[in-house]
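Architecture and fold: a report
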Amino acid sequence: MARIAIDNRLAYHRPAGIARYTCNLVRTLQGMALSDSFIEWRHYRQPKVQFKTPNWRSRILVSPVHHAWEQRMLQFEMLRFRADVVHFPDFISPFRSRQKSVITVHDLAFHHWPELVTEEARVHYGQLPYAVEHAAAIIVPCQFTCDDLLAQVPQAKGKTHVIPSGVDLTFLRHRPHDHDGSAVGPALPPQYLLHVGTLEPRKNIPALLKALRIVQQESGRANLHLVLAGARGWHDEGIYTLVRELGLEKVCVFPGYLSEAALRQTYSKALCLVHPALYEGFGFTLLESMACGTPVVASNAACLPEIAGNAALYANPAEEEEIAARILDLLQDEELRKAQIEKGRVRILKFRWEDSAAATLAVYRSVLA
């Protein structure tokens, strides 16, 4: 029986895309590989979980996440569990440990845009070359990130596996008519564009705000709102300043981080999702929006065209006029809107967590072999 550990401490530290990736992977792996033993590592402040499957258990670690002491502390804490392979979904493993490790590298934003991340993030993710060299296998969510990683860290050659993530079934099963109309999240305006993601520079929100102003003027919809759902991030002060400068205070809604139930409802009621990111490693929000029956306008940068395919309308993230034009296309052409919604429903079928988990399990076994 193989003993496999998965580090899920980040779900407490920062409940964003990587944490959701890990939680979905853990959820889907349950019921698979019943002949193996799994340990989910959790932060000591996370609530305890009782798994229904007997080959899964949860263990508490005290090593701090993204901290200068993490490398040394985690290296010694790992010795308590004697795992045959340990999966670190947040890029960095204890690279002085003798235990075999698998790491997931989601993107290299910290490398290409160092001025757009915190000092803590620069230090933590700057250890990537050492983690890559130490890792027995590396998982990336798309071919774009694979190519990017090999170009920047050649030591990844020969042990990198492209495994696309999935769309959460709770979004996949949801359609606008599925709920009874009862509100589970923030009060929403009658007509709004939607952005979902941490409020940070690489999400390119200033360009979205300028595009909103153009759309309002050209469509005559002065009351068209923009809902920016997501936790506050670093260097986000300029977003609020620009909102005031553009006179958009009354039409920009900042509900903060939303629960899955609230997020589903927010997706399904939006006119469209707009994702004008400068750089992205996967793009969960594109698939979630499509699953909820909401069309997508996306940046043509990084991996986003690879993920969304023909189910999104694309714009240059540096051109707010182009972003506005794609939004107007959806608002003014009902047939185009319906066609994009249908393309989205087809596209999401390519991204199943069952497939992702099975491929990840195959990577574990290749390391064990």
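In the block above lies the structure referred to throughout.
What counts and how
- Residues numbered from 1 in each chain as written.
- Predicted model: local features only at pLDDT ≥ 70, side-chain atom pairs only at ≥ 80, totals over all residues.
- Heavy atoms only, no water.
- Disulfide = S-S within 2.5 Å.
- Buried < 20%, exposed > 50% of the residue type's maximum accessible area, 1.4 Å probe, protein only.
- Pairing = 2+ DSSP bridges.
- Helix = DSSP H or I, 4+ residues; strand = E, 2+ residues; numbered from the N terminus.
- Axes fitted to C-alpha atoms, helices over the stretch in contact; angles between N-to-C directions.
- Contact = heavy atoms within 4.5 Å.

Here the structure, examined in full by the defined rule, presents zero disulfides. No disulfide involves Cys23; its nearest neighbouring cysteine sulfur is the one of Cys292, lying 19 Å away. Residue classification places Cys23 among the partly exposed positions, given a relative accessible area of 35%. Cys303 forms no disulfide, and the closest cysteine sulfur to it belongs to Cys142, at a distance of 4.3 Å.

Looking now at the sheet that holds strand β10 (residues 252-256). A sheet is described by the order of its strands in space; here six strands give the open sequence β10-β9-β8-β11-β12-β13, paired in parallel fashion. The open sheet has two free edges, formed respectively by β10 and β13 (313-315), since each of these has just one partner strand. Within this sheet the neighbouring strands show an average axis-to-axis angle of 25 degrees, counted without direction. Taken together, the two bridges between strand β8 (residues 192-196) and strand β11 (residues 272-275) define a ladder with parallel strand orientation. Residue pairing in the sheet places Leu194 in a bridge with Leu273 of β11. With respect to the sheet, helix α9 (residues 205-219) is in contact with β8, β9 (225-229), β10 and β11, its orientation differing from that of β9 by roughly 165 degrees.

What follows is about the pairing of strand β2 (residues 37-43). Summarising burial for β2: seven of the seven residues are buried, a large majority. Across the two faces of β2 the burial is the same, with Ser37, Ile39, Trp41 and His43 and Phe38, Glu40 and Arg42 all buried. Relative to β2, strand β1 (residues 3-7) is paired through five bridges, and the arrangement is parallel. For Arg3, the partnering residue across the bridge sits in β2 and is Ser37. Both β2 and strand β3 (residues 56-61) contribute to a ladder of six bridges, which runs parallel. Looking at β3, one finds that Trp41 is bridged to Arg59.

Interpretation note: all reported values are geometric properties and have no functional meaning in isolation.
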